[in-house]
Amino acid sequence: MHSPKRRVALLTACAVATVGALTTTVTAASAAGTRYEAETSPSTCDGTIDSNHTGYSGSGFCNGTNAVGAAAQFTVTASAAGAATITIGYANGTTATRPTDVLVNGAVAQSAMTFDATANWDTWATKTLSVSLVAGNNTIRLTPTSADGLANIDYLDVEAGGTPPVEQGRQMEKLNRGVTSVHSSSGNMVSWRLLGTDPASVTFNLYR
Ligand code: GCU
Ligand code: CA
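Here the structure is a predicted model, which is why all the values come from computation and not from measurement.

A. Structural view of the pairing of strand E11 (residues 107-115). Where strand E10 (residues 98-104) and E11 come together, six bridges link them in antiparallel fashion. Its bridge partner being in E11, Thr100 is matched across the sheet by Met113. In this antiparallel pair of consecutive strands, E10 and E11, the connection spans two residues, and Asn105 shows a positive phi of 50 degrees.

Now the structure itself:
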């Protein structure tokens, strides 16, 4: 009996992003990046403004009281509503992370951001987050959630743009595999989507 010819080929799938970002027009919250120092009013610090560890920006940094809720707060002025990227300069000379809620205008934009250990109190690092700002003044409050309190907080940089937070309108689409076969002189080039939900070990059999 003649059995039909069957060829099995394992092909490389094309990786295609399954998440599309909705385009939003963002007007600059500030011309280039703007730095807000923790020691400069209207910034506030539930602790002391210290300068005993080198390498900080400006004239000092906020040494928050070691307690839950002992916060540092910045007031950021945006010329128009939109997404912004904030970068927080900090040092944490301990060996334990200092989890901190980041609140924008009173709402938690990121809970328990990890201000991880730096080599020592003279070694500064940054944490970055995308936020939504309103036109005019915005408060950005760093509220520690553990009894260790805040890392030492040096400054907050704001730059307009960046990836808007999800609630600002990222669009999700359900895409199928989208198999295509293109004939060429030496054969057929077959491609299809690798989905974001596929396991890393996924394999495909192609029957012809
Ligand atoms: C040390 C350090 C301070 C820091 C504090 C802390 O005392 O000198 O700058 O704020 O530890 O653990 O928070
Ligand atoms: Ca402290």
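That was the structure; now back to the text.
B. Inspection of the state of the cysteines at higher detail. Applying the stated criterion to the full structure yields one disulfide. Linked covalently through their sulfurs, Cys45 and Cys62 form a disulfide whose S-S length is 2.1 Å. Handedness here is read from the sign of the S-S torsion; for Cys45 and Cys62, about 80 degrees, the answer is right-handed. With Cys45 in strand E5 (residues 44-45) and Cys62 in strand E7 (residues 61-64), the pair connects residues that are 17 residues apart, well separated along the chain. Assigned by exposure class, Cys45 and Cys62 land together as buried.

C. View of the packing of aromatic side chains. This model, assessed by the stated rule, comprises four aromatic pairs. Summarising the aromatic geometry, the rings of Tyr90 and Phe115 are spaced 5.0 Å apart at their centres and angled 90 degrees between planes, so their arrangement reads as edge-to-face. Note that Tyr90 is positioned in strand E9 (residues 82-91) and Phe115 in strand E11, a separation of 25 residues in sequence. Phe115 gets classed as buried once you look at its relative accessible area, which sits at 1%. Taken together, a centroid distance of 5.0 Å and an interplanar angle of 70 degrees make the contact between Trp192 and Phe204 edge-to-face.

D. The coordination of the calcium ion (ligand 2), seen in detail. Distances from the calcium ion (ligand 2) to its protein donors, namely Asn63 (OD1) and Gly64 (O), fall within the range 2.3 to 2.6 Å. On the accessibility criterion, Asn63 (26% relative accessible area) is partly exposed. Under the relative-accessibility criterion, Gly64 is labelled buried at 2%.

E. Looking closely at the site of ligand 1. Surrounding ligand 1, one finds His53, Asn63, Asn66, Arg98, Trp121 and Asn152. For ligand 1, an oxygen atom lies 2.9 Å from a polar atom in the side chain of Asn63. Contacts to ligand 1 include Arg98, whose side-chain N or O atom sits 2.8 Å from an oxygen atom. Contact with the protein chains removes 72% of the 310 Å² of surface that ligand 1 exposes when unbound. Here the shell around ligand 1 is built from residues that sort into one nonpolar, four polar and one charged.

F. Expanded view of the environment of Gly89. Note on placement: Gly89 falls in strand E9. Note: C-alpha distance between Gly89 and Ala151 (62 residues apart in sequence) is 9.7 Å.

G. View of the side chain of Asp101. When you line up the elements, Asp101 lands in strand E10. Among buried charged residues, Asp101 stands out as having no salt bridge; its nearest opposite-charge side chain is Arg141, 9.8 Å away. Among the polar contacts listed, one links the side chain of Asp101 to the backbone nitrogen of Ala112, at a separation of 2.7 Å.

H. Molecular detail of the nonpolar core. Ranked by internal contacts, the top residues of the largest apolar core, which has 26 residues, are Ile86, Ile88, Leu133, Ile140, Ile153, Leu156 and Val158. Only strand E8 (72-78), E9, E10, E11, strand E12 (125-133), strand E13 (136-144) and strand E14 (152-160) provide two or more residues apiece to this core. Leave out the neighbours within four places in its chain, and Ile86 touches Val102, Lys127, Thr128, Leu129, Val131, Ile140, Leu156, Asp157 and Val158.

I. Inspection of unusual backbone geometry at higher detail. Look at the link from Ser41 to Pro42: it is a cis peptide, with omega at 10 degrees. Considering the arrangement of structural elements, one finds Pro42 in the loop between strand E4 (34-37) and E5. Here the phi dihedral of Asn105 falls at roughly 50 degrees; this positive angle occurs in a residue that is not glycine. Although it is not a glycine, Ala112 adopts a positive phi angle of roughly 50 degrees. By the secondary structure assignment, Ala112 is in strand E11. Its relative accessible area of 36% is what places Ala112 among the partly exposed residues.

Calculation notes
- Residues numbered from 1 in each chain as written.
- Chains lettered and ligands numbered in written order.
- Predicted model: local features only at pLDDT ≥ 70, side-chain atom pairs only at ≥ 80, totals over all residues.
- Heavy atoms only, no water.
- Pairing = 2+ DSSP bridges.
- Helix = DSSP H or I, 4+ residues; strand = E, 2+ residues; numbered from the N terminus.
- Disulfide = S-S within 2.5 Å.
- Buried < 20%, exposed > 50% of the residue type's maximum accessible area, 1.4 Å probe, protein only.
- Phe/Tyr/Trp six-rings, centres within 6.5 Å; stacked < 30°, edge-to-face > 60°.
- Donors = N, O, S within 2.8 Å, 3.2 Å for Na, K, Ca; no water.
- Near = heavy atom within 4 Å.
- Polar contact = N/O pair within 3.5 Å; in protein donor to acceptor, adjacent residues only side chain to side chain.
- Areas by Shrake-Rupley, 256 points an atom, 1.4 Å probe, with all protein chains shown as cover.
- Nonpolar A, V, L, I, M, F, W, Y, C, P; charged D, E, K, R; others polar.
- Lys, Arg positive; Asp, Glu negative; His and termini not counted.
- Salt bridge = Lys/Arg side-chain N within 4 Å of Asp/Glu carboxyl O.
- Core = buried A, V, L, I, M, F, W, Y, C linked by side-chain atoms within 4.5 Å.
- Contact = heavy atoms within 4.5 Å.

That is the geometry; function is a separate question.
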